[in-house]
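Coordinate analysis (summary)
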Amino acid sequence: MSQTKLFEPFKLGPITLPNRLVMAPLTRNRAVPPGMVPSPLAIDYYGQRASAGLLITEASQVSQQGQGYQDTPGIYSKEQVEGWRKVTDRVHEKGGRVFIQIWHVGRISHTTLQPGGGKPVGPSAIRAKGKTFVNGTFTDISEPRALELSEIPGIIDDFKRGTENALAAGFDGVEIHGANGYLLDQFAKDGTNKRTDAYGGSIENRAKLMLEVSKAVAAIAGPERTSIRISPVTPANDVSDSNPQPLFDHIVDGLNALKLTYIHVIEGATGGPRDNAPFDYASLRKRFSGAYVANNGYDFDLATKVLEAGGADLIAFGKPFISNPDLVERLKKGAPLNEWDKATFYGGGAKGYTDYPTLAAAQAAE
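Rules of the game
Residues numbered from 1 in each chain as written. Predicted model: local features only at pLDDT ≥ 70, side-chain atom pairs only at ≥ 80, totals over all residues. Heavy atoms only, no water. UniProt positions renumbered as here; feature names shortened; annotations may be inferred. Axes fitted to C-alpha atoms, helices over the stretch in contact; angles between N-to-C directions. Helix = DSSP H or I, 4+ residues; strand = E, 2+ residues; numbered from the N terminus. Parallel < 35°, antiparallel > 145°, perpendicular 65-115°, else oblique. Left-handed = near helix turned anticlockwise from the far one by under 90°. Contact = heavy atoms within 4.5 Å. Nonpolar A, V, L, I, M, F, W, Y, C, P; charged D, E, K, R; others polar. Salt bridge = Lys/Arg side-chain N within 4 Å of Asp/Glu carboxyl O. Buried < 20%, exposed > 50% of the residue type's maximum accessible area, 1.4 Å probe, protein only. Pairing = 2+ DSSP bridges. Phe/Tyr/Trp six-rings, centres within 6.5 Å; stacked < 30°, edge-to-face > 60°. Lys NZ or Arg CZ within 6 Å of the ring centre and 35° of its normal. Expected span 1.5 Å × (residues − 1). Core = buried A, V, L, I, M, F, W, Y, C linked by side-chain atoms within 4.5 Å. Polar contact = N/O pair within 3.5 Å; in protein donor to acceptor, adjacent residues only side chain to side chain.

Taking an unreviewed UniProt entry as the reference, the protein chain is identified by name as Alkene reductase belonging to Bradyrhizobium australiense. Quoted verbatim from the Sequence similarities (unreviewed entry) field of UniProt, the annotation for the protein chain is "Belongs to the NADH:flavin oxidoreductase/NADH oxidase family."

This is the structure:
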């Protein structure tokens with residue numbers, strides 16, 4: 001088992017990862033309202049999983065406007081920074097490394113979450129088909145309004161502030177959420193972006209906001225501690241593009257020029273089939289000189305195969321990390337994995353969050 005590259009160290013910028021398993025960002029909706037501060041349980045949750053080569057936190061909004069679901073943590077207030085500091089301290093005490101994922105959901109929100117009950121914002125005033133999770137239930141996404149050109153610098157400033165706060169909270173780096181039909185992805189893709197100004201129309205114009213945010217974040221955190229997640233062909237959150245290959249080739253060329261430390265690529269439909277649409281991921285890998293983190297439906301065998309073939313540098317695991325705090329050890333030993341409980345993914349307390357047993361605890365209980 002341990003002959004696989006999966007358990008080899010990897011140099012990620014200034015950080016040496018002890019293995020190539022990355023815990024993917026996983027929304028768990030357990031922040032404490034009204035301040036959207038990470039809960040004390042989050043300290044245990046991330047600390048329990050610190051043996052991952054790299055932990056990426058759940059997506060954390062850079063402003064109240066950037067929130068799309070109930071009880072997701074932010075990174076825009078002093079209290080949130082203090083809450084996250086407790087998480088990073090615990091992870092570092094356990095010998096781990098942790099990046100925060102920062103996001104703005106754009107149109108995937110609800111008026112009850114927005115400042116003053118306003119409309120969510122997006123590149124264009126096109127309502128997404130789908131649901132968001134507010135007031136303990138799944139509710140239709142609200143109709144958005146198109147961002148004014150004059151508001152876009154403010155969005156970039158929110159990402160800058162989120163980055164400064166992330167560093168103040170002790171994170172080892174930042175992952176920008178440019179995937180899954182949220183704001184930066186909405187701007188990039190022509191199914192959601194019908195603008196006729198400098199941020200619409202051509203591939204170059206639609207890619208602009210994602211690249212401007214990346215540049216702004218890298219200027220603060222350093223490119224060696226800045227990364228981004230992209231999802232070229234996912235239909236998540238009602239997003240689509242008529243010609244994703246040239247769009248994402250262009251985006252990755254731009255990210256490569258910024259010398260970001262990694263790109264985190266969702267291959268296929270998020271949490272769904274890996275082959276939902278034709279796309280050449282090897283083209284992105286070739287264009288990018290930093291690390292390539294592969295994500296979506298990976299298990300031990302697929303991870304081993306892709307790493308051996310040089311198709312990726314790091315592999316992100318999502319749901320298996322929810323139910324297996326010691327996933328690295330279990331995979332090393334070829335031990336059985338705990339099944340996850342989907343009913344406890346979003347919201348709630350310790351159940352299905354911090355109470356999954358480690359292998360040692362499970363064996364001791366037998």
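Right, let's get into the packing of helix 1 (residues 40-48) against helix 2 (residues 78-93). Each packed pair of helices is defined by two parameters, the angle between the axes and the distance between the axes. The interhelical angle for the contact between helix 1 and helix 2, taken along N-to-C directions, is 30°, at an axis separation of 8 Å. For the element pair helix 1 / helix 2, the angle class is roughly parallel. Considering how the two elements wind past one another, helix 1 and helix 2 form a crossing that is right-handed. Every residue of helix 2 that contacts helix 1 at Ala-42, Ile-43, Asp-44, Tyr-46 and Gly-47 is listed here: Trp-84, Lys-86, Val-87, Arg-90 and Val-91. Considered class by class, the residues forming the contact of helix 1 with helix 2 number six nonpolar, one polar and three charged.

Below, the discussion takes up the pattern of salt bridges. Here the structure, examined in full by the defined rule, presents 19 salt bridges. Here Glu-267 ties to Arg-274 by a salt bridge, and the two come within 2.9 Å at their closest N and O atoms. On the basis of relative accessibility, which here comes to 6%, the residue Glu-267 falls in the buried class.

Moving on to the sheet that holds strand 12 (residues 262-266). The parallel closed barrel is built from eight strands, whose spatial order is 3-4-5-10-11-12-13-14. Here the average twist between neighbouring strands, direction ignored, is 25°. The pairing of strand 12 with strand 13 (residues 291-295) spans five bridges and is classified as parallel. Across the sheet, residue Ile-266 finds its bridge partner in strand 13, namely Asn-295.

A complete count under the given rule lists 13 aromatic pairs for this structure. Aromatic pair Tyr-46 and Trp-84: ring centres 6.1 Å apart, planes at 55°, arrangement tilted. You can see Tyr-46 sitting in helix 1 and its partner Trp-84 sitting in helix 2, a full 38 residues away along the chain. In this structure, Tyr-46 and Trp-84 share a single accessibility class: buried. These aromatic residues form a ring-pair network of at least three members: Tyr-45, Tyr-46, Trp-84, Phe-171 and Tyr-353. Taking the ring centre of Tyr-199 as reference, the NZ or CZ of Lys-208 above it sits at 5.1 Å.

Because an α-helix completes one turn every 3.6 residues, residues spaced three or four positions apart along the sequence face the same direction. Its 17 residues give helix 3 (residues 152-168) an end-to-end C-alpha distance of 25 Å, which sits within 8% of 24 Å, the value for a rise of 1.5 Å per residue. Along helix 3, the positions that sit buried rather than exposed are Ile-152, Ile-155, Ile-156, Asp-158, Phe-159, Gly-162, Thr-163, Asn-165 and Ala-166. Elements in contact with the buried residues of helix 3: helix 2, strand 5 (98-103), strand 10 (173-177), helix 4 (183-188) and helix 5 (203-221). Two residues or fewer past helix 3, Gly-170 is found with a positive phi of approximately 90°.

Relative to each other, helix 5 and helix 6 (residues 244-257) sit at 35°, their axes nearing to 10 Å. Viewed along their axes, helix 5 and helix 6 form a crossing whose handedness is right-handed. Together, Ile-203, Glu-204, Arg-206, Ala-207, Met-210, Leu-211 and Ser-214 of helix 5 and Pro-246, Leu-247, His-250, Ile-251, Gly-254 and Leu-255 of helix 6 make up the contact between the two elements. Across the contact of helix 5 with helix 6, the residue classes break down as eight nonpolar, three polar and two charged.

To continue, consider the nonpolar core. Leu-6, Ile-315 and Phe-317 are the most contacted members of the largest nonpolar core, which totals 78 residues. Grouped together as the second largest cluster of nonpolar side chains are 14 residues, Ile-15, Leu-17, Ala-24 and Tyr-262 included.

With that out of the way, let us pick up unusual backbone geometry. Of the consecutive residues Pro-33 and Pro-34, the connecting peptide bond is found in the cis state with omega at 0°. Note on placement: Pro-34 falls in the loop between strand 3 (21-23) and helix 1. The backbone phi angle of Lys-259 is positive, close to 60°, even though this residue is not glycine. Among the secondary structure elements, Lys-259 is positioned in the loop between helix 6 and strand 12. Accessibility expressed as a relative area gives 61% for Lys-259, which makes it exposed.

In a regular helix each residue adds 1.5 Å, so 19 residues correspond to 27 Å; helix 5 covers 27 Å between its end C-alpha atoms and thus fits that length. Among the residues making up helix 5, those that are buried are Arg-206, Ala-207, Leu-209, Met-210, Leu-211, Val-213, Ser-214, Ala-216, Val-217, Ala-218 and Ala-221. Of the residues trailing helix 5, Gly-222 is marked for its positive phi of about 90°.

Right, let's get into the side chain of Thr-72. Take Thr-72: it is sitting in the loop between strand 4 (54-61) and helix 2. Judged by relative accessible area, which is 1%, Thr-72 ranks as buried. A distance of 3.5 Å separates a polar side-chain atom of Thr-72 from the backbone oxygen of Tyr-69. Aside from chain neighbours lying at most four places away, what touches Thr-72 is Thr-27, Asn-29, Ala-31, Met-36, Gln-61, Gln-67 and Trp-103.

Our focus in this paragraph is the pairing of strand 14 (residues 314-317). Neither face of strand 14 is open: one carries Leu-314 and Ala-316, the other Ile-315 and Phe-317, and all of them are buried. By the bridge criterion, three bridges tie strand 3 to strand 14 in an arrangement that is parallel. Residue Leu-21 lies in a different strand from strand 14, and its bridge partner there is Ile-315. Relative to strand 14, strand 13 runs parallel, the two sharing three bridges. Each residue of the ladder has a partner; that of Val-293, found in strand 14, is Leu-314.

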